[in-house]
Amino acid sequence: MTAYIFTGGQVVADSLSELGMQQDLLSESMIIAADSGYLTARRLGVKPQLLLGDLDSLDRSQLSEGELDEMEKCIVSPIKDDTDTQLAVDTAIERGADEIIIIGGLGGRLDHTLSSVFLLEYISDRGVKCMMTDGHNRARLMKADGCDIELCISAGYKYLSLVSLSDVCEGVSISGVYYPLDDVEITRSYSYAVSNEITSDSAHIGLRRGVMLIIESRD
């Protein structure tokens, strides 16, 4: 089951199709709004099944009277250790999600953005696939432990960047791009595999060992 989590942060899209999503696919999915992510979901024509968080950033002046009455809610104290997005992720995994799509979570405050990005590793460690998007950027994780793995990404975003989250990523290869790589190392302290461009219908990314962030950007 796929869980869609709408969270805080700017989303540069006016429809689900701009995010590469189809409305009919959501009918069989879990839809969670984390705090102000509810307003993003509503703007995109999506009705969440669950609203959770401390609701400290949800502008209630934008809500109609009784709008939230029939919705399942999990309201927590603002004095807490976990972010609202973290709570949403844990809830999705507890309810059986094997794939999570996070809408939002990027841009705005740097601490919130980094916290959201590193959630990708937390989710991956639990055997769940994940992708994060705000309409302008799309991020996902590759993780390998000595066995070559490959990821295929379709063209659509202008730039494609590889960022090492571990000290070193080994056996990095990428084809179908302007700057191909073949069995190289990239490190966390020296990021040279950024701002590449897909020149074919898709790019093929390989990794043998390490944790690597894959980022697509529109400009």
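Residues numbered from 1 in each chain as written. Predicted model: local features only at pLDDT ≥ 70, side-chain atom pairs only at ≥ 80, totals over all residues. Heavy atoms only, no water.

**Quick word on the side chain of aspartate 134**
Inspection of the secondary structure puts aspartate 134 in the loop between strand S6 (129-133) and strand S7 (137-154). The buried charged residue aspartate 134 lacks any salt bridge, with arginine 218 as its nearest oppositely charged partner at 7.4 Å. A distance of 2.9 Å separates a polar side-chain atom of aspartate 134 from the backbone nitrogen of histidine 136. Within the local environment of aspartate 134, its side chain forms a polar contact with the backbone nitrogen of asparagine 137, the two atoms lying 2.6 Å apart. Setting aside its immediate chain neighbours within four residues, aspartate 134 contacts Gln10, Val11, Val12, Leu19, Gly104 and Leu106. (Helix = DSSP H or I, 4+ residues; strand = E, 2+ residues; numbered from the N terminus. Buried < 20%, exposed > 50% of the residue type's maximum accessible area, 1.4 Å probe, protein only. Lys, Arg positive; Asp, Glu negative; His and termini not counted. Salt bridge = Lys/Arg side-chain N within 4 Å of Asp/Glu carboxyl O. Polar contact = N/O pair within 3.5 Å; in protein donor to acceptor, adjacent residues only side chain to side chain. Contact = heavy atoms within 4.5 Å.)

**A short note on the state of the cysteines**
If you walk through the whole model with that rule in mind, you get 0 disulfides. Here cysteine 74 is not cross-linked by a disulfide; its sulfur's nearest cysteine counterpart is in cysteine 130, at 20 Å. Using a relative accessible area of 15% as the deciding quantity, one classes cysteine 130 as buried. (Disulfide = S-S within 2.5 Å.)

**Concerning the confidence of the model for the protein**
Low-pLDDT portions of the prediction should not be read for the details of their coordinates. Put simply, the protein has an average pLDDT of 88, and 93% of its residues get 70 or more. Averaged over each element, pLDDT in the protein is lowest for strand S4 (residues 72-75) (82) and highest for strand S9 (residues 168-175) (97). (pLDDT = per-residue confidence, 0-100.)

**A word on the packing of aromatic side chains**
As enumerated under the stated definition, the model contains 2 aromatic pairs in all. With a centroid separation of 5.7 Å and an interplanar angle of 45 degrees, the aromatic rings of tyrosine 190 and tyrosine 192 are classed as tilted. For tyrosine 192, a relative accessible area of 35% puts it in the partly exposed group. A cation over a ring is seen here: arginine 126 above tyrosine 122, with NZ or CZ 3.6 Å from the ring centre. (Phe/Tyr/Trp six-rings, centres within 6.5 Å; stacked < 30°, edge-to-face > 60°. Lys NZ or Arg CZ within 6 Å of the ring centre and 35° of its normal.)

**Details of unusual backbone geometry**
Although it is not a glycine, aspartate 35 sits at a positive phi angle of roughly 55 degrees. Here aspartate 35 shows up in the loop between strand S2 (30-34) and helix H1 (37-43). Within the chain, serine 195 stands out as a residue other than glycine whose phi angle is a positive 55 degrees. Structurally, serine 195 is set in the loop between strand S10 (181-187) and strand S11 (202-217). With relative accessibility at 41%, the residue serine 195 sits in the partly exposed group.

**Observations concerning the pairing of S9**
Of the strand pairs in this sheet, S9 and S10 are connected by 4 bridges, and their pairing is antiparallel. Counted as the bridge partner of valine 172 is valine 184 from S10. Once S9 ends, the chain turns through 5 residues before running back antiparallel as S10, passing glycine 176 with a positive phi of about 80 degrees. Relative to S11, S9 runs antiparallel, the two sharing 4 bridges. Across the sheet, glutamate 170 pairs through a bridge with arginine 209, a residue of S11. (Pairing = 2+ DSSP bridges.)

**Details of the pairing of strand S3 (residues 50-53)**
Here S3 shows a buried face lined by Leu50 and Leu52 and a second buried face lined by Leu51 and Gly53. Judged from the 3 bridges that link them, S2 and S3 form a sheet pairing that is parallel. Residue alanine 33 lies in a different strand from S3, and its bridge partner there is leucine 51. Where S3 lies against S4, 4 bridges are found, and the strand directions are parallel. For leucine 51, the partnering residue across the bridge sits in S4 and is lysine 73.

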